[in-house]
Amino acid sequence: MTLQSNADGGAAPLETEEEVTSGEAVFYLNGRRKVRTQSSVLVSSSRWLNDARVREWTATESLRRNGHDYPLLYGLPTLMQAVDEVVDADHIERLVSEERRRNPQFDQWLSEGFLSTYTKDDLRQYPAGSVGRQLFEYMDEFDLSPELNSRLLANPDWKPANTFDFWNLRMGQTHDCYHILGEIGFGSVAEYFITGVVTGNAFRHLSPELAGALMTTNTLIMFPWMTRTMLHYPGAWPTLWHNLSYGYSIGQQSDMLFTAKFEDILHLPPAEAREVLGWRGFTGPTDSREASLIFGEGREIIP
């Protein structure tokens, strides 16, 4: 049954008709239930498909090339606004409450709610070869900020309103540390290693439902790149897939990395930092430069 909103915000049934396809020689064309509805606009049981901004992002980011005229994350602020409005934050909070009851480390992490406040200049003080110093050198070379969250960049007074916001903010704050700890480099295809580690780690230490919900933003950003790579840049695919699967393996083997206070290991070289964090499965540095140059049409890092 299809529902429409009443004036008081409730839901009232719409009369629907249903046609089921049959008799086709191509067997998978049978059994298609065509639901007729009184809705005058596109309607789906998927809240994500119902949002035009998410549809536009997914189609464009999956099918386009990495042209020099269009920055890699140009559409991200619009996507983030759509995600904020579409995501079922109340459902996520219910999953979070269930997880906190059975997962003391996750509960403690959320209770503390730690957020970084260091600046790029703070990173300059760390010894050569340390995680912090390498992070400073990367940011200094490319004139970057420690803050990646588009909402904070647009409004420094923005604050997380719920666990989903906090997750996205904290994952952005620790993101570049994963590049250094994994010795994976900073090219575009190296990003799949971080996606792998965090996804694997979330599914290792949280319920699948909560892990999937918290990874929503990353999924919407990164998975369309996979289609784009296969369609336009297949030469980059083997390294992309290696980085994703290798990262996932590390995430599955390691302690609860996403709750770690990476700020406490910035003075250490990567090998020592991995040991402190309970990072397991490291097999050595990975060179993603060639694949990133293919994906970026001559650019290792796409601005």
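Residues numbered from 1 in each chain as written. Predicted model: local features only at pLDDT ≥ 70, side-chain atom pairs only at ≥ 80, totals over all residues. Heavy atoms only, no water.

Concerning the environment of I265
With respect to the helices, strands and loops of the structure, I265 is situated in the loop between α12 (237-253) and α13 (270-277). The class of I265 is buried, set by a relative accessible area of 2%. Placed 11 residues apart in sequence, I265 and V276 show a C-alpha to C-alpha distance of 7.8 Å. Apart from the residues within four sequence positions on either side, I265 is in contact with V131, L181, A273, V276 and L277. (Helix = DSSP H or I, 4+ residues; strand = E, 2+ residues; numbered from the N terminus. Buried < 20%, exposed > 50% of the residue type's maximum accessible area, 1.4 Å probe, protein only. Contact = heavy atoms within 4.5 Å.)

Considerations on the nonpolar core
Of all hydrophobic cores here, the largest spans 72 residues; its most connected members are F106, W167, Y178, L181, L206 and F258. Apart from the residues lying within four places of it in its own chain, the contact partners of F258 are F106, W109, W167, M171, Y178, N201, A202, H205 and L206. (Core = buried A, V, L, I, M, F, W, Y, C linked by side-chain atoms within 4.5 Å.)

Looking at unusual backbone geometry
The backbone of D143 shows a phi angle near 55 degrees, a positive value even though the residue is not glycine. Of note, D143 is situated in the loop between α6 (131-142) and α7 (150-154). When its relative accessible area of 64% is taken as the criterion, D143 is described as exposed. At E183, a position not held by glycine, the phi torsion is positive, near 50 degrees.

Re the packing of helix α3 (residues 89-102) against helix α4 (residues 104-112)
Any two packed helices are characterised by how steeply their axes cross, that is the angle between the axes, and by the distance between the axes. Closest axis-to-axis distance for the α3/α4 pair is 6 Å, and the angle between their directions is 120 degrees. Of the possible angle classes, the one that applies to α3 and α4 is oblique. Crossing angle aside, the handedness with which α3 passes α4 is left-handed. For the pair formed by α3 and α4, the contact residues are V96, E99, R100 and R102 on the first element and P104, F106, D107, L110 and S111 on the second. (Axes fitted to C-alpha atoms, helices over the stretch in contact; angles between N-to-C directions. Parallel < 35°, antiparallel > 145°, perpendicular 65-115°, else oblique. Left-handed = near helix turned anticlockwise from the far one by under 90°.)

Thoughts on α4
Spacing of three or four residues puts side chains on the same side of an α-helix, whose turn is 3.6 residues. When we look at burial in α4, the residues that qualify are F106, W109 and L110. Along α4, the residues classed as buried sweep out an arc of 90 degrees about the axis, all on the same side. Facing away from the buried side of α4 by more than 90 degrees, the exposed set consists of P104, Q108 and S111. On its buried side, α4 packs onto α3, α8 (163-181) and α10 (208-214). A positive backbone phi angle near 60 degrees is found at G113, which sits one or two residues after α4. (Arc of directions from axis to C-beta.)

Some points on the pattern of salt bridges
Here the structure, examined in full by the defined rule, presents 16 salt bridges. For E297, the salt bridge identified is with R65, shortest N-O distance 3.0 Å. Of this pair, E297 sits in the segment after α14 (289-295) while R65 is found in the loop between α1 (52-63) and α2 (76-86), placing the two residues 232 residues apart along the sequence. The class for R65 is partly exposed, based on a relative accessible area of 45%. Through salt bridges that share partners, D51, R53 and E85 make up one connected network. (Salt bridge = Lys/Arg side-chain N within 4 Å of Asp/Glu carboxyl O.)

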